[in-house]
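Okay, here's what each chain looks like letter by letter:
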Amino acid sequence: MKDNLKVAQQHAVQYWLVDGLNELALAGLCVLLGAYFYVQATLSPDSAAYKILDMSFVLIIIGGGLLVNRLVQVFKEQLTYPRTGFVSYRRAYGLNRWVRAVFTGGIAALMGAFLTYAFSNASAAFAWMPAVTGLVFGMVMLFIAARSALLRFYLLAAAAVLLGGGLTLAGIGNVLGLAVFYAGQALCLFVTGAWTLRSYLHDNRPPAEEAHE
Amino acid sequence: MSEALRSLANVDRLIHEPARTIIVAILYTVESADFLYLQRETSLTKGNLSAHLSKLAEAGYLQIEKTYRGKIPLTLCRLTETGRQAFEEYRRQMKQFVDHL
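Not measured: the values here are computed from a predicted model.

Calculation notes
- Residues numbered from 1 in each chain as written.
- Chains lettered and ligands numbered in written order.
- Predicted model: local features only at pLDDT ≥ 70, side-chain atom pairs only at ≥ 80, totals over all residues.
- Heavy atoms only, no water.
- Core = buried A, V, L, I, M, F, W, Y, C linked by side-chain atoms within 4.5 Å.
- Buried < 20%, exposed > 50% of the residue type's maximum accessible area, 1.4 Å probe, protein only.
- Helix = DSSP H or I, 4+ residues; strand = E, 2+ residues; numbered from the N terminus.
- Contact = heavy atoms within 4.5 Å.
- Pairing = 2+ DSSP bridges.
- pLDDT = per-residue confidence, 0-100.
- Salt bridge = Lys/Arg side-chain N within 4 Å of Asp/Glu carboxyl O.
- Polar contact = N/O pair within 3.5 Å; in protein donor to acceptor, adjacent residues only side chain to side chain.
- Nonpolar A, V, L, I, M, F, W, Y, C, P; charged D, E, K, R; others polar.
- Axes fitted to C-alpha atoms, helices over the stretch in contact; angles between N-to-C directions.
- Parallel < 35°, antiparallel > 145°, perpendicular 65-115°, else oblique.
- Left-handed = near helix turned anticlockwise from the far one by under 90°.

Caption draft 1: Structural detail: the nonpolar core. The biggest cluster of nonpolar side chains holds 33 residues, and the ones touching the most others in it are Leu 27, Leu 38 and Leu 53 of chain B. Breaking this core down by element, the ones donating at least two residues are α1 (2-14) of chain A together with α2 (13-16), α3 (18-29), α4 (35-42), α5 (46-58), β3 (72-79) and α6 (81-100) of chain B. Ranked by the residues each element gives to this core, the list is headed by α3 of chain B, at eight residues. For Leu 38 of chain B, the contacting residues outside a window of four places in its chain are Ile 26, Leu 27, Ala 33, Leu 49, Leu 53 and Cys 77 of chain B. Counting 29 residues, the second largest nonpolar core, distinct from the first, contains Ala 25, Tyr 36, Met 141 and Val 175 of chain A.

See below:
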């Protein structure tokens, strides 16, 4: 019975990721970021367009994040909840809250250290941008993998680190490197998300269809 | 009576029933879950699940809310603070029993 309990609780934790919709939405955000960095790479740093694009980065991240959340909710209400039910999650508390705080702090410290290095060694630092971004992305995927015990997030973490590191080692750094990195991540997330969604829809028909059998 | 058997004898009989143990374990992990999710995870029939949920609600361990998500009716279940504490005590007692075996 103890195993059944562990499985049931693990399923509850994994349920938010069961349909692959989060990965598909994140893939869309990565496409947006890839396009953003690609356009930026083609512009002259002195141009007005470059400066406007630079200033709008935070808005794109925040706006993109909100849009991703909204899209995931809409599609879950259409596809997931009618098939396998609705679950809402508690905010982190106790030890979990501290683990998240330390993890977020670790990422912020890593980015802070990188930016400090970047301001003093600009050209060398920009070459490392894909590698650092890959490391941060990989850490986030690893965190999700550790919480959910889903293999595909371990693979996504490895892909992020390898892609980021590979681009930097290949000399494709700076903004163009970021464009390629996000395009690569979009592809990885699309593959895992689409595969997961396909499996989920195949295994879980809507209740109306089951009732007619 | 040994310590281990004493802890088992005092265990919460409401939670100790296998179907209700899984229901409470799931709800302990989340904020709330609807009837359909619980039914699929426990593989219970609608009537059976309803009966177990009612027993837990009568004991004050569970709160059942009938609501809507858009136009879709939802029966949402969430553990009360009493239910959470009862499950934590149950886990502690079972762990004590297993550790003494």
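Having seen it, we continue.
Caption draft 2: Structural detail: the pairing of β3 of chain B. All names here are of chain B. Direction of pairing for strand β1 (residues 32-34) relative to β3: antiparallel, over a ladder of two bridges. What sits directly across from Asp 34, in β3, is Leu 76. For strand β2 (residues 62-69) and β3, the ladder comprises eight bridges, and the chain directions are antiparallel. Bridging across to β3, Tyr 68 finds its partner in Pro 73. If you look at the hairpin formed by β2 and β3, you'll find two residues sitting between the two strands, and Gly 70 has a positive phi there, around 70 degrees.

Caption draft 3: The confidence of the model for chain B, seen in detail. All names here are of chain B. Within chain B, residue pLDDT values average 90, and 93% of them lie at 70 or more. By mean pLDDT, helix α1 (residues 3-9) is the weakest element of chain B at 68, and α5 is the strongest at 96. Here the prediction assigns the complex a pTM of 0.83, and the interface score ipTM is 0.87.

Caption draft 4: The arrangement of the interface of chain A and chain B in detail. On the side of chain B, 22 residues touch chain A, which itself brings 23 residues to the contact. Run the count over chain A and chain B and you get zero salt bridges. At the surface where chain A touches chain B, the tally comes to nine residue pairs in polar contact (both at pLDDT 80 or more). Elements that contribute at least two residues to the side of chain A that touches chain B include exactly α1, α4 (57-84) and β1 (87-88) of chain A. Among the elements that line the side of chain A that touches chain B, the one with the most residues is α1 of chain A, at seven residues. The residue makeup of the side of chain A that touches chain B, split by class, is 11 nonpolar, eight polar and four charged. Here β1 of chain A runs beside β1 of chain B; their pairing, made up of two bridges, is antiparallel. Counted as the bridge partner of Ser 88 of chain A is Ser 32 of chain B from β1 of chain B.

Caption draft 5: Layout of the packing of helix α2 (residues 21-42) of chain A against α4 of chain A. All names here are of chain A. Running from N to C, α2 and α4 point in directions that differ by 155 degrees, and their axes come no closer than 9 Å. Considered as vectors, α2 and α4 are oriented roughly antiparallel to each other. In this structure, α2 crosses over α4, and the sense of that crossing is right-handed. Here Leu 21, Asn 22, Ala 25, Leu 29, Leu 32, Leu 33, Tyr 36 and Phe 37 of α2 come into contact with α4, specifically with Phe 57, Ile 60, Ile 61, Gly 64, Gly 65, Val 68, Val 72, Phe 75, Lys 76, Leu 79 and Thr 80. Residue composition of the contact of α2 with α4, by class: 14 nonpolar, four polar and one charged.

Caption draft 6: The arrangement of the packing of α4 of chain A against helix α9 (residues 174-203) of chain A in detail. Residue and element names in this part refer to chain A. Axis separation between α4 and α9 bottoms out at 11 Å; the angle between their running directions is 40 degrees. Relative to α9, α4 is oriented oblique. In the packing of α4 onto α9, the handedness of the crossing is left-handed. Taking contact as the criterion, the partners of Leu 79, Thr 80, Arg 83 and Thr 84 in α4 are, on α9, Leu 197, Tyr 200 and Leu 201. For the contact of α4 with α9, the per-class residue count stands at four nonpolar, two polar and one charged.

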